[in-house]
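Spelled out from the first residue to the last, the chains are:
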Amino acid sequence: MKPRSFIWGWTGFVLLVVYLPILCGALAGLSKSRYFLFPVKAWSGEWWGKVLSSFEITVLLQNSAAIAACVTVLAVGFGFFGALAFARYDWTGRRAYQKFLLLPVFFPQPVLGLALLLWFNALGIPTSWKTAVIAHLVWIVPVVTLVIAIQVYGFDPMLEEAASDLGASRLTILREVTLPLLWPGIWSGALFAFLLSWGNFPLSLYTAGADSTIPKWLYSKMVAGYTPMVPALGTMSTLAAAALMLAGGAALALIRRRG
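Residues numbered from 1 in each chain as written. Predicted model: local features only at pLDDT ≥ 70, side-chain atom pairs only at ≥ 80, totals over all residues. Heavy atoms only, no water.

Along the protein chain, the regular secondary structure elements total 11 helices and 0 strands. Scanning the protein chain from its N terminus toward the C terminus, one meets helices and strands in the order α-α-α-α-α-α-α-α-α-α-α. Its C-alpha atoms give the protein chain principal-axis dimensions of roughly 75 × 60 × 35 Å. By residue count, 39% of the 259 residues in the protein chain fall in the buried class. Considering only residue pairs separated by 6 or more positions, the protein chain has 73% of its internal contacts joining residues 24 or more positions apart. As displayed, the protein chain has an accessible area near 15300 Å², and 72% of this comes from carbon and sulfur atoms. (Helix = DSSP H or I, 4+ residues; strand = E, 2+ residues; numbered from the N terminus. Buried < 20%, exposed > 50% of the residue type's maximum accessible area, 1.4 Å probe, protein only. Contact = heavy atoms within 4.5 Å. Areas by Shrake-Rupley, 256 points an atom, 1.4 Å probe, with all protein chains shown as cover.)

See the structure below:
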């Protein structure tokens, strides 16, 4: 077998393994029967219609979107300045900072969620979507920081020094030099933050309290009260995330081209 044929065959096999479960979920949401049987004997868009018209799912979407939006804005803000400290400036304690920053990423999320729940209880803070935002930030800010830091490592400090020599203030340098050059990394970090928060289940399960999210609802319906609305909503969420990724990639390509 030729190497090229092997590579194409292996790539196709990997893609099949990755996307076949998603395809099965999409088919289950389009099946008329309550439980998924293959081959599908009768097709129906009834479950998709019920998802779109459900008030409960509308509330879930609002909660998930609110959490993801807040996490994105805050994570990008913290991540931007954290990335400058991580990769741009040389200061005492930088190595320790780089190591401690990565610790939440390596913690199992259920353990991290439980620890945060115990912490909120100890402080007397009632759990809600707001505490879920804090929990998501603990895990997502390090990821966003690393994504932006990759862009910072390719940043030439001489550009800032040249702007300073020409009389630009620190704020002007940040606005006119640093931000435009780091914008691709900032945009990528924002996409990571939104999608990681949108689909996060373990941290939301422990820290969102009575405010349910899409992952929590999907899990609860899989445990008890299953209907084909579950794969229908899961497929919609996956398609929305894919569309956001494509739109974000197109916007990033446009930013790079203009830059």
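The structure having been displayed, the exposition proceeds.
Right, let's get into the confidence of the model for the protein chain. In the predicted model, the protein chain carries a mean pLDDT of 83, and 95% of its residues have values of at least 70. The weakest mean pLDDT in the protein chain belongs to helix 7 (residues 157-165) at 78; the strongest belongs to helix 5 (residues 109-123) at 90. (pLDDT = per-residue confidence, 0-100.)

Attention shifts here to a nonpolar patch on the surface. Together, Phe6, Ile7, Trp10, Phe13, Val14, Leu15, Val17, Val18, Tyr19 and Ile22 make up a nonpolar patch on the protein surface, roughly 980 Å² of accessible area in all. The residue Val17 is located in helix 1 (residues 3-30) in this model. (Patch = residues over 30% accessible without salt bridge, like charges linked within 9 Å, V, L, I, M, F, W, Y side chains within 5 Å. Salt bridge = Lys/Arg side-chain N within 4 Å of Asp/Glu carboxyl O.)

Summarising the element assignment, Ser204 is placed in helix 9 (residues 202-207). With relative accessibility at 1%, the residue Ser204 sits in the buried group. Within polar-contact distance, the side chain of Ser204 engages the side chain of His136 at 3.0 Å. (Polar contact = N/O pair within 3.5 Å; in protein donor to acceptor, adjacent residues only side chain to side chain.)

Take helix 1 next. Helix length check: helix 1, at 28 residues, gives a terminal C-alpha distance of 39 Å against a target of 40 Å (1.5 Å per residue), a fit within 8%. Of all the bends in helix 1, the greatest, near 40 degrees, is centred on Tyr19, and the proline Pro21 appears no more than four residues after it. Restricting attention to buried positions, one finds in helix 1 the residues Ala26, Leu27, Ala28 and Gly29. (Expected span 1.5 Å × (residues − 1). Bend = angle between axes of the 7 residues up to and from the residue.)

It is worth spelling out the packing of helix 3 (residues 55-88) against helix 6 (residues 129-153) at this point. Pairs of packed helices are described in terms of their axes, by the angle between the two and the distance that separates them. Put simply, helix 3 and helix 6 touch, their axes get as near as 6 Å, and they point 40 degrees apart. Comparing the axis directions of helix 3 and helix 6 gives the class oblique. Of the two elements, helix 3 crosses helix 6, and the hand of that crossing is right-handed. Looking at the contact of helix 3 with helix 6 residue by residue, the classes come out as 25 nonpolar, 4 polar and 1 charged. (Axes fitted to C-alpha atoms, helices over the stretch in contact; angles between N-to-C directions. Parallel < 35°, antiparallel > 145°, perpendicular 65-115°, else oblique. Left-handed = near helix turned anticlockwise from the far one by under 90°. Nonpolar A, V, L, I, M, F, W, Y, C, P; charged D, E, K, R; others polar.)

Within the secondary structure, Asn63 is located in helix 3. On the basis of relative accessible area, Asn63 is assigned to the buried category, the value being 16%. Setting aside its immediate chain neighbours within four residues, Asn63 contacts Asp211 and Ser212.

Glancing now at the nonpolar core. Core analysis: the biggest nonpolar cluster contains 31 residues, and Ala75, Ile140, Ile148, Val152 and Leu182 have the highest contact counts within it. If you list the elements that add at least two residues to this core, you get helix 3, helix 5, helix 6 and helix 8 (170-198). With 11 residues, helix 6 is the largest single contributor of residues to this core. Ile148 has contacts with Val76, Gly79, Phe80, Ala83, Gly185 and Ile186, leaving out every residue within four places of it along the chain. Listed in part, the 15 residues of the second largest apolar core include Trp47, Ala68, Ile214 and Tyr226. (Core = buried A, V, L, I, M, F, W, Y, C linked by side-chain atoms within 4.5 Å.)

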